[in-house]
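Chains, contacts and geometry: an overview
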Amino acid sequence: MNRRFTKYIAAVLLAATAAAPATAVTDKEMDEARAITAKAYLRYANNGSGYLDEIDVKSMSDLTPKLKAKEKENLKAFNSVKVPSDYASWDKEKLVEFWSVTFFTSPALSDQGKVAKSTVRRRISSMKVSAPAKPEAPAPQTPEAEPAAAPQPVAADTAAAQAAMPTAAGAVEAQQDILQDQKAIEKDAAEADTGTHEEQSHTWVYVLVLAILVAVVIWLVVYAANLMKRQPQGDDDEAGDSDTEEVKSRARRAIDKKNQEIEDLHRRLETEENKSADLGMELEKLKLEHSRLEDRIAQLREENTRLTRELQTPHPAAPVAPAAPVAPERPPKPAAPEKPAAPIIKVIYLGRANARGIFVRADRRINAGNTIYRLDTNDGLVGTFHVVDEPEVVDVAISDPTLYLGNGCICDDIEDVAGVTRIATESAGTAIFENGYWKVLRKTRIRYE
């Protein structure tokens, strides 16, 4: 009879374990979610990190070696955010909530990088979070040692009980069996009034265990009944499933629509920024033309003043002299040629050059954070340019040499900026002003020092 109790105990415990499904986040999945978040954050934090769109990584160890200098610098702020260590108890929903919401509340992150929240949510939601292996059932323990007996098919009975317990019918049947066993134990206890104190103690243990098992069975019955109530029967099952799928489909469509709107807004923002840069170049063009016209007006005014002065100055009458032999007139000496005026050199400070070789901005003076080159021109149409050798300009240039120098300079190893303090120009480049932009004709050659 004790073996029957043992089998029922094992069956109930296994059924309780099976009734509570679990999913958990593994170290590998946590690392993959971290890599997805880092890639999206770095992409939004630096508009010049388009190369990240071509990278597909599954872990931080895959991502880090592929980053450029600017992204490695931005990664320091990302890595400074503390990550909880109890993620092994998380489900997928909590994993998505942490990386797409909680993580981005850190003040250490840049505002531009925080725009990546929706992208992180979409990508981590598509991850698959594996379910851990079910825990093994605890080995049954008997109240007292028994003589060796023939092996019983306990495993088969346990598996059958585990499969049948979550249903209401199986739970009721198990309850009836347990109640019958309890009555048998009570009857045996009444008859064994001459038993020892040790046997009475074991009887109370059995009663206590049975009471616990009865409570567990009752809970399972209630759980199964509620579960059956929530599941509609017949045609209602199909209708309910259809409604659920329809709601999920609508939610997915709504999410996709919002994500598309966000991407459209990002594209419109980039377009407006490009238009702003174009207007800035057009404004510089008009400023140059205005300056050239002002110089011409000043020259014409000076010429006009000189001619007016000459016309207004009276010429003295020549004195009358006695007649004298007329000498042959000598031809007048030719006037000495006027020396040409020295050309006026105009200085323009330019930003970086894009992939088409067009400088994205032009200023009259150094603009911190944007100026990279200085251009000297005589006519406003063609000029020579070189990198401005100023500390603040050098710091900006070497923060991302491919972005700021790659399209306007030639260097033996343009990415090797370790320990660089200044940028020396070996030969100046040539630029031309056409269609309202300054454009690279020949790149300037530089070296790092």
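Scoring rules and cut-offs
Residues numbered from 1 in each chain as written. Predicted model: local features only at pLDDT ≥ 70, side-chain atom pairs only at ≥ 80, totals over all residues. Heavy atoms only, no water. Helix = DSSP H or I, 4+ residues; strand = E, 2+ residues; numbered from the N terminus. Contact = heavy atoms within 4.5 Å. Core = buried A, V, L, I, M, F, W, Y, C linked by side-chain atoms within 4.5 Å. Buried < 20%, exposed > 50% of the residue type's maximum accessible area, 1.4 Å probe, protein only. pLDDT = per-residue confidence, 0-100. Pairing = 2+ DSSP bridges. Salt bridge = Lys/Arg side-chain N within 4 Å of Asp/Glu carboxyl O.

Once that is clear, we can look at the environment of tyrosine 404. Mapped onto the secondary structure, tyrosine 404 falls in helix H12 (residues 401-404). C-alpha of tyrosine 404 to C-alpha of glycine 48: the two residues are 356 residues apart in sequence and 9.7 Å apart in space. Discounting chain neighbours no more than four positions away, the residues touching tyrosine 404 are Arg352, Ile372, Tyr373, Val396, Ala397 and Ser399.

On to the nonpolar core. Of all hydrophobic cores here, the largest spans 33 residues; its most connected members are Leu95, Trp99, Phe103 and Ile124. Within the residue set of this core, elements represented by two or more residues are helix H2 (27-45), helix H3 (60-63), helix H4 (69-79), helix H5 (92-102) and helix H6 (117-125). Here this core gets 8 residues from one element, more than from any other, and that element is H2. Excluding residues within four positions of it along the chain, leucine 95 makes contact with Val25, Met30, Ala33, Trp90, Ile124, Met127 and Val129. Val387, Val396, Val417 and Val440 belong to the second largest nonpolar core, which has 31 residues in total.

With that out of the way, let us pick up the confidence of the model for the protein. Taken over all residues, the pLDDT of the protein has a mean of 77, while the share at 70 or more is 68%. The low-confidence segment residues 15-22 (pLDDT under 50) makes 7 contacts with residues lying over four places distant or belonging to another chain. Across residues 132-170, where pLDDT falls below 50, the model places 33 contacts with residues more than four positions away in sequence or in other chains.

Strand order in the open sheet formed by 3 strands is E5-E9-E6, and the pairing between neighbours is mixed. Each edge of the open sheet carries a strand with a single partner, namely strand E5 (409-410) and strand E6 (423-427).

In this section: the pattern of salt bridges. Here the structure, examined in full by the defined rule, presents 21 salt bridges. Between arginine 253 and glutamate 246 there is a salt bridge whose closest N-O contact spans 3.8 Å. Owing to a relative accessible area of 35%, glutamate 246 belongs among the partly exposed residues under this scheme. Across the pair glutamate 449 and arginine 422 runs a salt bridge whose closest N-O atoms are separated by 2.4 Å. Placement of the pair is glutamate 449 in the segment after strand E9 (444-448) and arginine 422 in the loop between E5 and E6, with a sequence separation of 27 residues. For glutamate 449, a relative accessible area of 35% translates into the label partly exposed. Taken together, the shared-partner salt bridges connect Asp389, Asp412, Arg422, Glu426, Arg445, Arg447 and Glu449 into one network.

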